[in-house]
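# Summary of structural features
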Amino acid sequence: MGLPEERHSEYSSNEKLHKYSVIRDLTGENISSGIIASTLVMTGPALIILQAAAAGGFTDQQTINWMFAVYFFGGVYSILMPLLYRIPITGGHSITGAAFLATVTAQYTYPELIGGYVMSGLLIFLVGITGLFTKIIGWVPKEVIASMLGGLVAGYVVQLVPAIQDMPLVGGAALISFLLFTRYVKKFPPVLAAVVAAFVVLFFTADLNPAKEITYFLPSLQVPEFTWMGLVTIALPLAMLILSNDAAPGIGALESSNFEPPIRKIVSSSGVFSVITSFFGGQCANIAGMMSAICAGPDSGPREKRYMGAVVSGVITIVFGIFAWKIVPFIQSLPQAFVSLLAGFALIGVLHSSLQMGFSGNRYRLSALAAFIVTLSGISFLHISAPVWGLVAGAILARTVER
């Protein structure tokens, strides 16, 4: 997985003494980056959460609790951390974690899932304060983890083809927008362009009235149930996905933009926020890799003011979480083909980077292929889902046949 080495964040005396006001640090560039980052986490990931909730037979209250928790606490994280460190540490939740949970929600009771989320957050916290768990998951080569992730999201991306066939106008507009922005507009995420185009065409060609109204209710604390099976098949894989696909890329993006992120504090705080989020029904709230990359990039304006992009993103996602009771019925009214379309586009980048990392080298080709195929198969044996078996198969081959 490879979390970056710890670097002590030392600020110069000028940086300590020169405290910009929040309002003064807002610029058009960092506001734009914050809007783009928050829009990314509010589209495809939200749809994948609803798919996972539907697969698990969640009630409306459980579904809304999930949406509220990940977006509200992810937004709070995205406000507190940047204001504390003056670095664009952007918070959200793990889209790959949500995709993984779609394969296991039907196999466990709701309290067992909550227990798995709590244990996952605790494991992430341990990574931040001790580094012990990093050594444990270091036993699994990063190529195997990447290939498992590729097999996990490939099923979503493949659904793009039948979705475009079912909705040719909407799918065609989204596909053309995605390709045009990939080729000609480098500063704007192609996924976001595809989502906007799809919604615009759908708005003019379909009735988007919510199928039902949900009465507002206050989010409530959930009671977890802790099991050894939940630790092995929910908490462990979920923590690995969050650390390898959110924490490591997010920290790497900050470092590549010449920031000095407090790595242990970022990881441990992601664990703390994930534990809090789990008690309200969400799987995690942590540093978000792609969102941090957007807010830390040069398009976010002057380097010393880029942290405000993360703050803007946090404010928007908090509002999204608070109004989940209104947003969920609207999303549920969307055609299933449209949901599959957006989820597929949202995961194209994840699939591409996963396959590239998993199969670009020669050292663990067989192990990576085994992890990919087993995960893609979707099997469930002994109440253990395919992604876990994919990790097991890949790790065993890597440490024996391809050692």
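First, a word on scope: everything that follows refers to the structure included in this document. (Residues numbered from 1 in each chain as written. Predicted model: local features only at pLDDT ≥ 70, side-chain atom pairs only at ≥ 80, totals over all residues. Heavy atoms only, no water.)

## Digging into the overall build of the chain
- Tallying secondary structure elements over the chain gives 20 helices and four strands in all.
- In the chain, buried positions account for 56% of the 403 residues.
- Sequence-distant contacts, at least 24 apart, represent 86% of the contacts inside the chain between residues at least 6 apart.
- A total of about 17,200 Å² of accessible surface is found on the chain, and carbon and sulfur atoms cover 67% of it. (Helix = DSSP H or I, 4+ residues; strand = E, 2+ residues; numbered from the N terminus. Buried < 20%, exposed > 50% of the residue type's maximum accessible area, 1.4 Å probe, protein only. Contact = heavy atoms within 4.5 Å. Areas by Shrake-Rupley, 256 points an atom, 1.4 Å probe, with all protein chains shown as cover.)

## What to know about the nonpolar core
- Within the largest apolar cluster, 113 residues are counted, with the highest numbers of intra-cluster contacts made by Trp66, Met67, Tyr71, Ile89, Phe338 and Leu341.
- Ignoring sequence-local partners within four residues, the contact set of Leu341 consists of Leu160, Ala163, Ile164, Val170, Gly171, Ala174 and Ala198.
- Counting residues in each nonpolar core, the second largest holds five residues, with Tyr307, Met308, Val311 and Ile318 among its members. (Core = buried A, V, L, I, M, F, W, Y, C linked by side-chain atoms within 4.5 Å.)

## Things to note about the side chain of Ser269
- With respect to the helices and strands, the residue Ser269 is situated in helix H14 (residues 263-278).
- Accessibility expressed as a relative area gives 12% for Ser269, which makes it buried.
- Within polar-contact distance, the side chain of Ser269 engages the backbone oxygen of Lys265 at 2.7 Å. (Polar contact = N/O pair within 3.5 Å; in protein donor to acceptor, adjacent residues only side chain to side chain.)

## Quick word on helix H16 (residues 307-322)
- Taking 1.5 Å per residue, 16 residues should reach 22 Å; H16 reaches 23 Å between its end C-alpha atoms and fits that length.
- Every buried residue of H16 is listed here: Tyr307, Met308, Gly309, Ala310, Val311, Val312, Ser313, Gly314, Thr317, Ile318, Phe320 and Gly321. (Expected span 1.5 Å × (residues − 1).)

## Section: the packing of helix H3 (residues 28-42) against H16
- Taken N-terminus to C-terminus, the directions of H3 and H16 make an angle of 40°; their axes are 7 Å apart at the nearest point. When the axes of H3 and H16 are compared, the pair comes out oblique. The element H3 and its partner H16 pack so that their crossing is right-handed. Where H3 abuts H16, its residues Asn30, Ile31, Gly34, Ile35, Ala37, Ser38, Val41 and Met42 lie against Met308, Gly309, Val312, Ser313, Ile316, Thr317 and Phe320.
- Tallied by class, the residues present in the contact of H3 with H16 amount to nine nonpolar, six polar and no charged. (Axes fitted to C-alpha atoms, helices over the stretch in contact; angles between N-to-C directions. Parallel < 35°, antiparallel > 145°, perpendicular 65-115°, else oblique. Left-handed = near helix turned anticlockwise from the far one by under 90°. Nonpolar A, V, L, I, M, F, W, Y, C, P; charged D, E, K, R; others polar.)

## Let's talk about the packing of aromatic side chains
- Under the definition given, this model contains twelve aromatic pairs.
- The interplanar angle of 15° and the centroid separation of 5.0 Å between the aromatic rings of Phe68 and Phe72 together place this pair among those described as stacked. Pair noted here: Phe68 and Phe72 are both in helix H5 (residues 60-85), with a separation of four residues, about one helical turn.
- Looking at Phe68, the relative accessible area reads 11%, which means it is buried.
- Judged by relative accessible area, which is 23%, Phe72 ranks as partly exposed.
- Measuring from ring centre to ring centre gives 5.3 Å for Phe203 and Phe204, while their planes differ by 85°; the resulting arrangement is edge-to-face. Neither residue differs from the other here; Phe203 and Phe204 are each classed as exposed.
- Linked through ring pairs, Phe58, Trp66, Tyr110 and Tyr117 together constitute an aromatic cluster. (Phe/Tyr/Trp six-rings, centres within 6.5 Å; stacked < 30°, edge-to-face > 60°.)

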